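Fold and geometry: a report
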Amino acid sequence: MPKPTPSVEWQGPQDTAGIGQRVLRLRTERRLTQRALAEPKYTAAYISTLESGKVRPSETALRYLADRLGVSYEELCTGRPAHLATEVRMRLADARQAFCERSLPDAAQRYTLVEREAHRLGLPSEQAAALVGLGDCALEAGDLDQAIERFQAAEELLADAPLPQRVPALRGRAVAHLLAGDLRYSCYLLENAIDELNSAGLHDPNALLLLYSAVIAPYMDMGAQARAARAAELALALAPQVSDPALVARMHRGVARTLLAEGRTADADASLAKAQELYQQLQIRTELAHCHWMRGYLRAQDGDLTRAEAELRTARTILAERQATLYTVQVNVELADVLRRQGEYGEAEQLLSDLLSELGSGRGAVHAGAAHRLLGLIAEERDRPEQAEEHYRAALALLERAGARGDSADLCRLLGDLLRRTGRVEAALDVYRTGLGHRAAPGTTTLGPAPADPPL
């Protein structure tokens, strides 16, 4: 028998009495005796006990009885005709398509209608999937509090479901905390889920690939490059077992970031090209923009500033069209750096000032820190040391609070160099010592041992 889809596997807490009443009603309507319904796999006594609500039937028994009674497994479990659930799933697929190809408000409206209908019909898996979709919409729109609320509601709805089914909601919540600047908590959520899956022997390649791909970003932001590289290695090993092209594309995009950090630009570019090709086929616009974004960063690292600017402007255009405000703001950090390096200080400063006004408390602390860092560099290059120091200190405060160890160490170097050049040697030494503290434990998250590896 083929494995059922996740939306059918879990129907929420089982209503034993209700199932027994439905079996009794359907058996009576079909004029079957308890023995006729039960044989050859079960006994009349078992059917009698089940109909009285005194036994919790297994999935195998329910599927057998549903087949004998001429109804779907789902209808026997819930009392709900199968076509209603099918219609909700079709509308859920339409909402996903809208999220990939159209505007966020359109997708959010569709997900909201599906969530309400799934709740009315008692379809917890479909309701949770709609809540995850609403969380994704809020994430892109930059409403991180609402995103966390939606993802958490989905997790609570699936509290009794197997962990692999809760992973998309958990991953979404971790990404929201990452964007809010809470790097350690993001790592904590993802590492705990990875550990639970692997330690319990729940080897679900899709769930693991989603988690390993997601944990790369907070690892990199925290300076835990060794763990990021290991996560990328495990993701690549899992990829052949995964058939979902969107998951594979997301994995390639995450792996590219670790390759860039290792200086393997050609390999990173090849990985991004694979991701971009898949996203183009799937018409997932936001993820396609992220590929342009990363390729722009890669071109900038290679010194090809003209092509870098073109890639970043393409990414920004796609994200702006989708009204993905937070990501649009973040792309502007990379674009401003390219403009600075081209000597276009005016536009770079304007972009950075605009994005800092967009990034309020709890939204994009790492990117706000990067913006202050760039403004500090521009101020130094324009011989404004006091202004540069002000921006460097603002950046350092944001990055230290977020736990971005590598970036904090870099800021300490920049600030220390500035203080030394302006004659404040003792102050510079203090800042350098702080930077060394951030570099003291490279490759760790300060969260304890790394998660257990999957039995590949």
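Residues numbered from 1 in each chain as written. Predicted model: local features only at pLDDT ≥ 70, side-chain atom pairs only at ≥ 80, totals over all residues. Heavy atoms only, no water.

**Considering the UniProt feature "repeat: TPR" (unreviewed entry) in the protein chain**
Annotation from UniProt places "repeat: TPR" (unreviewed entry) at residues 128–161. Counting secondary structure, residues 128–161 comes out at 82% helix and 0% strand; the distance between its end C-alpha atoms is 11 Å. (UniProt positions renumbered as here; feature names shortened; annotations may be inferred. Helix = DSSP H or I, 4+ residues; strand = E, 2+ residues; numbered from the N terminus.)

**Some words on unusual backbone geometry**
Leaving glycine out, the prevailing phi sign among residues is negative, and the prevailing peptide bond configuration is trans. Going from Glu39 to Pro40, the amide bond is cis rather than trans, its omega being 10°. Tracing the chain through its elements places Pro40 in the loop between helix H3 (34–38) and helix H4 (44–51). Notably, Arg31 is not glycine yet its phi reads approximately 55°, a positive angle. You can see Arg31 is positioned in the loop between helix H2 (16–29) and H3.

**Remarks on the environment of Phe151**
Within the element layout of this structure, Phe151 appears in helix H10 (residues 144–157). By relative accessible area, which is 0% here, Phe151 ends up buried. Sequence separation of Phe151 and Ile284 is 133 residues, and the distance between their C-alpha atoms is 21 Å. Contact partners of Phe151, with chain neighbours within four places excluded, come to Val132, Gly135, Asp136, Leu139, Ala169, Gly172 and Arg173. (Buried < 20%, exposed > 50% of the residue type's maximum accessible area, 1.4 Å probe, protein only. Contact = heavy atoms within 4.5 Å.)

**Points about the nonpolar core**
Membership of the largest hydrophobic core comes to 133 residues, with the highest contact counts inside it found for Tyr111, Leu139, Leu211, Tyr212, Tyr327, Leu352 and Tyr392. Here the element with the most residues in this core is helix H13 (residues 205–221); it accounts for 11 residues. Core analysis: the next-biggest nonpolar cluster, separate from the first, contains 18 residues, Ala38, Leu50, Ala66 and Tyr73 among them. (Core = buried A, V, L, I, M, F, W, Y, C linked by side-chain atoms within 4.5 Å.)

**Some remarks on the packing of aromatic side chains**
Considering all chains together, one arrives at 3 aromatic pairs under this definition. Seen in terms of ring centroids, Tyr42 and Tyr46 are 5.1 Å apart; in terms of plane orientation they differ by 20°. Their pairing is stacked. Judged by centre distance (5.8 Å) and plane angle (20°), the rings of Tyr185 and Tyr188 are stacked. Highlighted residues: Tyr185 and Tyr188, both in helix H12 (residues 183–199), separated by 3 residues, approximately one helical turn. Tyr185 gets classed as partly exposed once you look at its relative accessible area, which sits at 29%. The exposure class assigned to Tyr188 is partly exposed, which follows from its relative accessible area of 41%. Among the aromatic residues, those joined into a cluster by ring pairs are Tyr42, Tyr46 and Tyr64. Residue placement shows Arg63 over the ring face of Tyr73; its charged tip is 3.8 Å from the ring centre. (Phe/Tyr/Trp six-rings, centres within 6.5 Å; stacked < 30°, edge-to-face > 60°. Lys NZ or Arg CZ within 6 Å of the ring centre and 35° of its normal.)

**Focus: the environment of Arg340**
By the element assignment, Arg340 lies in helix H19 (residues 325–341). Judged by its relative accessible area of 13%, Arg340 is buried. In this structure the C-alpha to C-alpha distance between Arg340 and Leu375, which are 35 residues apart in sequence, comes to 9.3 Å. If sequence neighbours within four positions are ignored, Arg340 has contacts with Tyr345, Ala348, Leu374, Leu377, Ile378 and Glu381.

**Comments concerning the state of the cysteines**
Taken as a whole and assessed by the stated rule, the structure comprises 0 disulfides. As a non-bridged cysteine, Cys100 has Cys137 as the owner of its nearest cysteine sulfur, 10 Å distant. For Cys291, which is in no disulfide, the shortest distance to another cysteine sulfur is to Cys100 and amounts to 13 Å. On the accessibility criterion, Cys291 (0% relative accessible area) is buried. (Disulfide = S-S within 2.5 Å.)

**Side note on the packing of H19 against helix H20 (residues 345–358)**
Two elements in contact, H19 and H20, have axes separated by 8 Å at closest approach and are oriented at 160°. In this view, H19 runs roughly antiparallel relative to H20, as classed from their interaxial angle. Of the two possible hands of crossing, H19 and H20 adopt the one that is left-handed. Across the interface between the two elements, Val329, Asn332, Val333, Leu335, Ala336, Leu339 and Arg340 of H19 pack against Tyr345, Glu347, Ala348, Leu351, Leu352, Leu355 and Glu358 of H20. Of the residues in the contact of H19 with H20, the class split is 10 nonpolar, 1 polar and 3 charged. (Axes fitted to C-alpha atoms, helices over the stretch in contact; angles between N-to-C directions. Parallel < 35°, antiparallel > 145°, perpendicular 65-115°, else oblique. Left-handed = near helix turned anticlockwise from the far one by under 90°. Nonpolar A, V, L, I, M, F, W, Y, C, P; charged D, E, K, R; others polar.)

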